[in-house]
Amino acid sequence: VVYMMVQVKDVSKHLGSFHIRNISFELPAGYIMGLIGPNGAGKTSLIHLLLGLYRPEKGEILIDGMDYQSKEREIRELIGTVLLEEMFDRGLTLGQNADYYGSYYKEYDRQVLEDYLKRFGLVSDRKYGKLSKGEELKFQLAFAVSHGAKLLILDEPAGNFDPEFRKEFFTVLKEFIADGTRSVIISTHLTEDLDRMADYITYLEKGKCLIATDIET
């Protein structure tokens with residue numbers, strides 16, 4: 001039996017004049033899905049729906065078989081994020097930020113965080129406010145994998161990474177899903193990245209899902 005990490009069933013939502021319409025797709029555990037489409041297609045809006053920041057007007061979103069209405073806390077434990085929005089306190093160090101926000105997660109492990117920071121060329125006593133955009137995203141990624149997430153949701157991260165780190169980034173994602181119990185959704189406009197790593201593609205345009213398919217390897 002294929003276990004579905006994410007199920008989006010006929011989801012619609014009005015956001016001002018923009019409309020997400022009847023989006024459906026599934027992502028099994030153990031795979032990476034690329035979310036693609038032009039600017040303004042609805043990728044970030046869909047990510048906000050997946051994170052429970054918006055609620056669908058119609059349709060259903062299940063994460064690890066649970067919905068936000070009844071299991072919001074449990075779902076939040078399972079999701080790690082890398083978003084372009086400011087996530088952390090600029091006045092605190094990386095370690096202080098991680099320990100503070102990590103206290104919200106049962107599985108947070110400071111040692112796992114330290115291992116990833118070292119791997120990414122970051123140190124925990126550096127101020128978050130001193131990081132470049134690419135370094136902020138590296139820290140977000142280190143934090144996301146340090147609290148036992150089963151689903152990583154990443155919004156356009158790779159464009160801010162230098163080519164050398166992009167290779168490392170894809171390696172980290174491959175390692176993350178390797179045991180078959182975890183999944184990744186990554187939105188990107190760099191489609192050459194997806195050729196290297198995505199198992200599934202969901203293509204949005206003007207709030208509609210035009211393609212949702214697995215990539216034949």
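What you are looking at is a predicted structure, and each value in this text was computed from that prediction instead of being measured.

Here we look at helix α6 (residues 163–177)
1) Next: Its 15 residues place the ends of α6 22 Å apart at the C-alpha level, agreeing with the 21 Å of an ideal helix rising 1.5 Å per residue.
2) Next: For α6, the complete set of buried residues consists of Phe 165, Arg 166, Phe 169, Phe 170, Val 172, Leu 173, Phe 176 and Ile 177. Across the axial projection of α6, the buried residues extend over an arc of 155°, all falling on one side. Opposite the packed face of α6, turned more than 90 degrees from it, sit the exposed residues Glu 164 and Lys 167.
3) Next: Buried residues along α6 sit in contact with β3 (32–36), α4 (110–119), α5 (133–146), β6 (151–155), β7 (183–187) and α7 (191–197).

Examining α4
1) Next: Burial in α4 covers these residues: Leu 113, Tyr 116 and Leu 117. Along α4, the residues classed as buried sweep out an arc of 105° about the axis, all on the same side.
2) Next: Contacts from the buried residues of α4 go to α3 (94–102), α5 and α6.
3) Next: You can read the cap of α4 off the contacts: a side-chain oxygen lies 2.9 Å from the backbone nitrogen of Gln 111, and it is on Asp 109.
4) Next: Where α4 terminates, the next one or two residues include Gly 121, which has phi positive at roughly 75°.

With respect to the packing of aromatic side chains
1) Next: One pass over the structure, following the stated rule, counts 15 aromatic pairs.
2) Next: Centre to centre, the rings of Phe 169 and Phe 170 are 5.5 Å apart; their planes meet at 50°, and the pair counts as tilted. Summarising the burial analysis for this pair, Phe 169 and Phe 170 share the class buried.
3) Next: An aromatic cluster is present here, built from Phe 88, Tyr 100, Tyr 101, Tyr 104, Tyr 105, Tyr 108, Tyr 128, Phe 139 and Phe 143 joined pairwise through their rings.
4) Next: Just above the ring of Phe 165 sits the side chain of Lys 138; from NZ or CZ to the centre is 4.4 Å.
5) Next: A cation over a ring is seen here: Arg 182 above Phe 176, with NZ or CZ 4.5 Å from the ring centre.

As for the pattern of salt bridges
1) Next: Using the criterion set out here, one finds 14 salt bridges in the structure.
2) Next: Between Glu 72 and Arg 55 there is a salt bridge, with its nearest N and O atoms 3.0 Å apart. Remark: Arg 55 occurs in the loop between α1 (43–50) and β4 (58–63) and Glu 72 occurs in helix α2 (residues 68–78); sequence separation between them is 17 residues.
3) Next: With its nearest N and O atoms 3.4 Å apart, the salt bridge here joins Lys 133 to Glu 136. Of this pair, Lys 133 and Glu 136 both sit in helix α5, 3 residues apart, which is roughly one turn of that helix.
4) Next: By relative accessible area, which is 4% here, Glu 136 ends up buried.

What counts, and at which threshold
- Residues numbered from 1 in each chain as written.
- Predicted model: local features only at pLDDT ≥ 70, side-chain atom pairs only at ≥ 80, totals over all residues.
- Heavy atoms only, no water.
- Helix = DSSP H or I, 4+ residues; strand = E, 2+ residues; numbered from the N terminus.
- Expected span 1.5 Å × (residues − 1).
- Buried < 20%, exposed > 50% of the residue type's maximum accessible area, 1.4 Å probe, protein only.
- Arc of directions from axis to C-beta.
- Contact = heavy atoms within 4.5 Å.
- Polar contact = N/O pair within 3.5 Å; in protein donor to acceptor, adjacent residues only side chain to side chain.
- Phe/Tyr/Trp six-rings, centres within 6.5 Å; stacked < 30°, edge-to-face > 60°.
- Lys NZ or Arg CZ within 6 Å of the ring centre and 35° of its normal.
- Salt bridge = Lys/Arg side-chain N within 4 Å of Asp/Glu carboxyl O.

Without other data, these values stay purely geometric and don't point to any function.
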